[in-house]
Amino acid sequence: MSRHRSGLTGFSLVIMLVTFLLQHLTSSESLAPSIAAWLALLLVWPALPPVNRQQCLILMTIGVVCVVISAGLGARIPWSSLLGNYVPLLCMLVAVSFLRLLASRSEEALPSGRRAIGSTLAAAHLLGAVLNLSILAIMGDRMARSSQLTLKQVLVIGRGFTFAALWSPFFVAMNVSLLSAPGMSFAQVFPVGAVIAVCALILSWWHLRQDAADFQGYPLNRQGLSLPVGLAALVIAAHQWSPQLSVTLLITILAPSVALALSGIRQRSSCFPAITQHVSAGLGRMGGELALFLAAGVLSVGLTLITQQTGFSLPLHHFGALEASILFPFILILAWSGVHAMISVAVLSPILLPLQPNPNMLGFMFLSSWAMGSGSSPLSGMNLMLALRYGVRSKQIWRAQAPFFLMLLPLIWAGLFWLDSYH
């Protein structure tokens, strides 16, 4: 994509974020954030890989067909939802991206051996919980020799990162789940996801600890922990103080505010070029996420309308932990075939909600689908990035990850049953 088009895309996404925040601060209704998001998609569309464009068009076509049929059956088209169903999540994604301005690039000596596997898992998990996908590039570039990583290094940072999706409020996965499972309580799901994430990390260390003498990892120190711990504490405190504000909105407000303030304090006048570079280049690379979220939003609204108008329902009277446990492996298999968790959630949510499942259990199923699918699928954005950037084949990653993630299924099932039984 040209530099000019990338800059316009980034500027459109900033407008989307600013108008979204103004809309909430003034309690007004406006299509401005949605219009800015679709404008950004139009700008980035020519630069999207053909596979992304094809997937996006398929999802939107299905959604629009469902909307047209529903309108013919008498449904009123909710234009604000149709155009901006997942715009709040896109705004959060843009907001969190500004935290990359605070990424540390220390030259501390790299640890090695079994202990290094533990520190690298923890670093990828805790830093990734806040910095999202950017931490993989930061860690990978630091650990790489001649621009390459070993398969074990890729597995370690990949597992450490992906399990943060089970609990981190800074992951889009958490906020998609809160939106797609109305009534889900972050406070109740968070400890279950965190405990399972810790268990998965310990099992990962146990599984990867063999032949680790030559393993070169990433250091974890107090300075590195200050950002994720501080931000998480700030979000939790703000949510306790104003429980009427959603976690998504709080992160959308706090993430760029903290990033810009600390960046200004650390770099002073030199922070402006960094911010400009992030808007023009960093945000311009969000085309894949932008297309997926807008298309999935159209699909979700279309399926919701057609379900309501036709009275379609599954041949079930109840959807509990047992049904979720049976369904979950199929979601994982779909992820392996290239179906993003976002699509699975967009399809399943309107179909399952009429069965009135426990929202915490349903939300945790969506969270787990995201974590397990992105961590093990050879076609997930995370694994494709690691494969292309560091010279490891996607098929190698899948062969190493898939059996391990299947071993984790009992942990996910335990979480589903616990949340379904606890009200």
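Calculation criteria
Residues numbered from 1 in each chain as written. Predicted model: local features only at pLDDT ≥ 70, side-chain atom pairs only at ≥ 80, totals over all residues. Heavy atoms only, no water. Core = buried A, V, L, I, M, F, W, Y, C linked by side-chain atoms within 4.5 Å. Buried < 20%, exposed > 50% of the residue type's maximum accessible area, 1.4 Å probe, protein only. Contact = heavy atoms within 4.5 Å. Phe/Tyr/Trp six-rings, centres within 6.5 Å; stacked < 30°, edge-to-face > 60°. Lys NZ or Arg CZ within 6 Å of the ring centre and 35° of its normal. Axes fitted to C-alpha atoms, helices over the stretch in contact; angles between N-to-C directions. Helix = DSSP H or I, 4+ residues; strand = E, 2+ residues; numbered from the N terminus. Parallel < 35°, antiparallel > 145°, perpendicular 65-115°, else oblique. Left-handed = near helix turned anticlockwise from the far one by under 90°. Nonpolar A, V, L, I, M, F, W, Y, C, P; charged D, E, K, R; others polar. Patch = residues over 30% accessible without salt bridge, like charges linked within 9 Å, V, L, I, M, F, W, Y side chains within 5 Å. Areas by Shrake-Rupley, 256 points an atom, 1.4 Å probe, with all protein chains shown as cover. Salt bridge = Lys/Arg side-chain N within 4 Å of Asp/Glu carboxyl O. Expected span 1.5 Å × (residues − 1).

The name an unreviewed UniProt entry gives the chain is Citrate transporter-like domain-containing protein, with Pokkaliibacter plantistimulans as the organism.

1. Brief notes about the nonpolar core
The biggest cluster of nonpolar side chains holds 147 residues, and the ones touching the most others in it are Met16, Leu99, Phe293, Phe364, Met365 and Trp370. The residues contacting Leu99, other than those within four sequence positions of it, are Val130, Leu131, Leu231, Ala255 and Ala259.

2. Quick word on the packing of aromatic side chains
All told, the structure shown has 8 aromatic pairs when counted by the stated rule. Relative to Phe405, the ring of Phe404 lies with its centre 6.0 Å away and its plane at 85°, an arrangement referred to as edge-to-face. Of the two residues, Phe404 and Phe405, neither departs from the other in class, the shared state being buried. Put simply, the rings of Phe163, Phe404 and Phe405 touch in pairs and so form one group of aromatic residues. Of note, Arg159 hangs over the ring of Phe404, and the distance from its end group to the ring centre comes to 3.8 Å. Stacked on the ring of Trp206, the Lys or Arg Arg209 has its end atom at 3.6 Å from the ring centre.

3. Digging into the packing of helix α5 (residues 87-97) against helix α14 (residues 287-310)
Remark: α5 packs on α14, axes separated minimally by 9 Å, with the N-to-C direction vectors making an angle of 160°. Relative to α14, the element α5 lies roughly antiparallel. The handedness of the crossing between α5 and α14 comes out as right-handed. Judged by residue contacts, Val87, Leu89, Leu90 and Leu93 of α5 engage Glu289, Leu290, Phe293 and Leu294 from α14. In terms of residue class, the contact of α5 with α14 is made up of 7 nonpolar, no polar and 1 charged.

4. Comments concerning unusual backbone geometry
Excluding glycine, residues mostly carry a negative phi; peptide bonds, for their part, are mostly trans. Phi at Gln356 is positive, roughly 50°, even though this residue is not glycine. Assignment of secondary structure puts Gln356 in the loop between α16 (341-352) and α17 (359-376). Taking the relative accessible area as the measure of exposure, Gln356 reaches 69% and is therefore exposed.

5. Some remarks on the environment of Ala194
Checked against the element boundaries, Ala194 lands in helix α10 (residues 186-208). Using a relative accessible area of 19% as the deciding quantity, one classes Ala194 as buried. Separated by 27 residues in sequence, Ala194 and Trp167 have C-alpha atoms that sit 5.4 Å apart.

6. Observations concerning a nonpolar patch on the surface
A grouping of Leu322, Ile326, Phe330, Ile333 and Phe417 is seen on the molecular surface, where their side chains present a nonpolar patch of about 530 Å² in accessible area. Sort the elements by how many residues they give to the nonpolar patch and helix α15 (residues 321-336) lands first, with 4 residues. Within the element layout of this structure, Ile333 appears in helix α15. According to the relative accessible area criterion, Ile333 is partly exposed, its value standing at 48%.

7. Section: helix α8 (residues 151-162)
Look at α8: 16 Å from first C-alpha to last across 12 residues, which is about the 16 Å you get at 1.5 Å a residue. Taken together, the buried positions of α8 are occupied by Gln153, Val154, Leu155, Val156, Ile157, Gly158, Arg159, Gly160, Phe161 and Thr162. Structurally, α8 contributes buried residues whose contacts are with α6 (114-131), α7 (134-143), α10, α17, α18 (381-390) and α19 (394-407).

8. Examining the environment of Gly391
Summarising the element assignment, Gly391 is placed in the loop between α18 and α19. Gly391 sits 355 residues away from Ala36 along the chain, and the two C-alpha atoms are 37 Å apart. If we ignore the near neighbours within four places in the chain, the residues touching Gly391 are Gln148 and Leu386.

9. Considering helix α3 (residues 50-72)
In this model, α3 (23 residues) spans 33 Å end to end at C-alpha, consistent with the 33 Å of a helix rising 1.5 Å per residue. All buried positions along α3 are accounted for by Cys56, Leu59, Met60, Gly63, Cys66, Val67 and Ser70. If you follow the buried residues of α3, they end up packed against α2 (32-44), α4 (79-84), α14 and α16. Of the residues flanking the end of α3, it is Gly74, one or two places downstream, whose phi is positive at about 105°.

10. Brief notes about the environment of Lys395
Along the polypeptide, Lys395 turns up in helix α19. Using a relative accessible area of 46% as the deciding quantity, one classes Lys395 as partly exposed.

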